[in-house]
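Chain by chain, the residues run as shown.
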Amino acid sequence: MESYSPGMKKILITHSYFLRFDPKQWTTGKPYAPLGTLYAAAVLRKHGYPVAFFDTMFVRTPESVIPRITDEKPDIFVIYDDGFNYLTKMCLQNMRDAAFKMIRLAKDKGCTVIISSSDSTDRYEMYLQAGADFILLGEAEQSLLELTQSLAAGNTDYFSIEGLAFAHNHAVVKTKHRNVMRDLDALPFPAWDMIDMEPYRDMWLKHAGYFSMNMGTTRGCPFKCNWCAKPIYGNRYNSRSPQNVVTELKMLRQKFRFNHIWFCDDIFGLKPGWVKEFANLVEKESLAFTFKMQGRVDLLLQENNIQDLKRAGCDNIWMGAESGSQRILDAMDKGTTVEQIYKATRLLKKTGIKPSFFIQFGYLSETKEDIGKTIHMINELLPYEIGISVSYPLPGTVFFDKVKSQLVHKTNWKDSDELALMFSNTYQPAFYKQLHRYVHKSYQKHLAFENIKQLFEHPFRMSISRVKKALSAIYYLPASYIDKLKLRQLEKPAHEHAG
């Protein structure tokens, strides 16, 4: 156990994402380390604080933290969620319940409890009522450091610390907003040495056959899609230098022997010239690896972005396609066109990069015709993977404000596979659940037909994988037909169903 001076405060830091509480993700078996938590731990440690880390990723219950609190005897207990991970941005009810339980457990042990997450930034009063002492609002490494320094000094005047919420004289105080960091290279690398990566490696190898790690190269997103919440890093966009990123990649390669990287930025490589410089450095350092990223279709069509991404090792790009209806894209303030989705997808395939789609059904005013256009786009373009969701209102968005009056009984999904429509729309919630099933099966059916076509056109390129995909038509042809019949039965508009 580390020695520390009497003025120091001992800190135990954790996060509230429990993989077992998200059945779909547990079954998928592709976990990523809590990057934001490791950044916070690294900043505290850089300033001399004795920090211990407890990883909730694979444990069974929130009570699993009790032995660690008992052993470490921390003065401060920090739940610092990974603001880079879309699963934590979704503010799932199961994880909120787990966080509340850990707050109570830590308070019972006499700890000062500090929380940082998308959910607590949006609902700080709820977390204070659950027993937390302080909520860090937005990007929080600096706020956490200043608050820790204040607590260590015995200073009880917290009003000068930006980005903070706390109870004072039976009222909730929210201090001045903290601006996001601009010089990301000034941050220490995440505290990778504090986490046991073997369970992550084992699960990846078991489910995917390779080992992927996550890394953030930027923070924030300057675009204004009106359903997208940015409670942690906001609308500002700041980037690490390509050299800084490559230095960390070299360290991670040596330490963990990864095969693949998930660049978990909202948008990777937005800064002009960044991707080209990054690709040059990757080639110079002979850092042969593959990666996936998130990108916008309009940005991919600029300059030589796609060619440079390929040079750097890009294997798969997840694009926020969202809809095949221009009317819906415009209603979302997406700022992209269906034509750009088609063009970028075809260009990626031609370059040898797999295009994948995020698709969203159930946006306000979406009609049967809009849904049909989206299904047609998916089946015509045949992306490598599709992630389908239904519109999910998150606080702080224009979309949330439009439907919040309807969010009386339910405001969050319990896990990432619930896919409940929580507001009134064109069709009843059961329709959208069935639509999700049908679109997946229809997509798989079209993929099977494409592989049958390829077998006939290029018999000498036959592989076991291609034959298996072709044979899957035997299942998906009737399965998609049955799901389509079920969908038609649920097609009655919501107001008629209610009547």
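Residues numbered from 1 in each chain as written. Predicted model: local features only at pLDDT ≥ 70, side-chain atom pairs only at ≥ 80, totals over all residues. Heavy atoms only, no water.

Some words on the overall build of the chain
Helices and strands together make up the secondary structure of the chain, namely 21 helices and 15 strands. Relative to the 2.2 N^0.38 estimate, which gives 23 Å for 499 residues, the radius of gyration of the chain is 24 Å and therefore close to what a compact globule would have. In terms of overall dimensions, the chain has a C-alpha envelope of 75 × 65 × 40 Å along the principal axes. Looking at the chain as a whole, 56% of its 499 residues are labelled buried. Considering only contacts in the chain between residues 6 or more positions apart, those separated by 24 or more positions represent 75%. Of the charged side chains in the chain, 65 are positive and 54 negative, and the gap between their average positions amounts to 4 Å. (Helix = DSSP H or I, 4+ residues; strand = E, 2+ residues; numbered from the N terminus. Rg over C-alpha atoms; globule rule 2.2 N^0.38 Å. Buried < 20%, exposed > 50% of the residue type's maximum accessible area, 1.4 Å probe, protein only. Contact = heavy atoms within 4.5 Å. Lys, Arg positive; Asp, Glu negative; His and termini not counted. Charge placed at Lys NZ, Arg CZ, Asp CG, Glu CD.)

Structural notes on the side chain of Thr-336
For Thr-336, the position within the fold is in the loop between α14 (326-331) and α15 (338-351). The class of Thr-336 is buried, set by a relative accessible area of 4%. Sequence-distant contacts of Thr-336, that is, excluding residues within four places in its chain, are made with Arg-296, Val-297, Asp-298, Gln-326 and Leu-329.

A closer look at the nonpolar core
In terms of nonpolar packing, the biggest core is built from 157 residues, with Phe-263, Phe-278 and Phe-291 touching the most fellow members. Every residue in contact with Phe-291, bar those within four places of it in the chain, is listed here: His-260, Ile-261, Phe-263, Phe-268, Phe-278, Leu-309, Ala-312, Gly-313, Cys-314, Asp-315 and Asn-316. (Core = buried A, V, L, I, M, F, W, Y, C linked by side-chain atoms within 4.5 Å.)

Some details on helix α8 (residues 141-152)
Spanning 12 residues, α8 covers 16 Å between terminal C-alpha atoms, matching the ideal 16 Å at 1.5 Å per step. Of the positions making up α8, those classed as buried are Glu-141, Ser-143, Leu-144, Leu-145, Leu-147, Thr-148, Ser-150 and Leu-151. Remark: Gly-154 follows α8 within two positions and exhibits a positive phi of approximately 75°. (Expected span 1.5 Å × (residues − 1).)

Notes on the sheet that holds strand β12 (residues 290-295)
If you walk across this open sheet you meet the 6 strands as β8-β11-β12-β13-β14-β15, and the pairing is parallel. At either margin of the open sheet sits one strand with a lone partner, and together these are β8 (212-215) and β15 (386-390). Across this sheet, the average inter-strand angle for adjacent strands is 20°, counted without regard to direction. Of the strand pairs in this sheet, β8 and strand β11 (residues 260-263) are connected by 4 bridges, and their pairing is parallel. Among the inter-strand pairings, Met-213 is bridged to a residue of β11, identified as Ile-261. (Pairing = 2+ DSSP bridges. Axes fitted to C-alpha atoms, helices over the stretch in contact; angles between N-to-C directions.)

Points about the packing of aromatic side chains
Enumeration according to the criterion identifies 30 aromatic pairs in this entry. A ring pair is formed by Phe-263 and Phe-268, whose centres lie 4.7 Å apart and whose planes are at 25°; its orientation type is stacked. One exposure class covers both Phe-263 and Phe-268, and it is buried. Both rings, one in Phe-268 and one in Trp-274, keep their centres 5.3 Å apart while their planes meet at 80°; by these two values the pair is edge-to-face. For the pair Phe-268 and Trp-274, one class covers both residues: buried. Three or more aromatic residues joined by ring pairs form one cluster here, namely Phe-258, Phe-263, Phe-268, Trp-274, Phe-278, Phe-289 and Phe-291. Geometry around Phe-258 places Arg-253 over its ring, the cationic atom sitting 4.9 Å from the centre. Stacked on the ring of Phe-223, the Lys or Arg Arg-296 has its end atom at 3.7 Å from the ring centre. (Phe/Tyr/Trp six-rings, centres within 6.5 Å; stacked < 30°, edge-to-face > 60°. Lys NZ or Arg CZ within 6 Å of the ring centre and 35° of its normal.)

Overview of a nonpolar patch on the surface
On the surface, Tyr-481, Ile-482 and Leu-485 cluster together into a nonpolar patch covering about 300 Å² of accessible area. Mapping Leu-485 onto the fold places it in helix α20 (residues 473-489). The exposure class assigned to Leu-485 is partly exposed, which follows from its relative accessible area of 35%. (Patch = residues over 30% accessible without salt bridge, like charges linked within 9 Å, V, L, I, M, F, W, Y side chains within 5 Å. Areas by Shrake-Rupley, 256 points an atom, 1.4 Å probe, with all protein chains shown as cover. Salt bridge = Lys/Arg side-chain N within 4 Å of Asp/Glu carboxyl O.)

Things to note about helix α10 (residues 242-256)
Along an α-helix, residues three or four apart share an orientation, since each turn contains 3.6 residues. Taking 1.5 Å of rise per residue, 15 residues should cover 21 Å, and α10 covers 21 Å from first to last C-alpha, within 8% of that figure. Among the residues of α10, those classed as buried are Pro-242, Asn-244, Val-245, Val-246, Glu-248, Leu-249, Leu-252 and Phe-256. Of the surrounding secondary structure, the elements contacted by the buried residues of α10 are α2 (35-46), α9 (198-207), β8, β11 and α11 (274-284).

Details of unusual backbone geometry
Notably, Arg-257 is not glycine yet its phi reads approximately 55°, a positive angle. Its location among the elements puts Arg-257 in the loop between α10 and β11. Its identity as a non-glycine residue notwithstanding, Ser-286 has a phi of 55°, on the positive side. Position of Ser-286 relative to the elements: it lies in the loop between α11 and β12.

Digging into the layout of surface pockets
Approximately 620 Å³ is the volume attributed to the second largest pocket. Lining the second largest pocket are 32 residues, and of these His-177, Lys-230, Pro-231, Ile-232 and Gly-234 sit closest to its centre. The residue makeup of the lining of the second largest pocket, split by class, is 12 nonpolar, 11 polar and 9 charged. (1 Å grid on protein atoms, 1.4 Å probe; cavity = no way out; pocket = protein on both sides within 12 Å on 5 of 7 lines; lining within 4 Å. Points joined across faces, edges and corners; volume = space filled by probe spheres on them. Nonpolar A, V, L, I, M, F, W, Y, C, P; charged D, E, K, R; others polar.)

The values reported here are purely geometric and, on their own, carry no functional implication.
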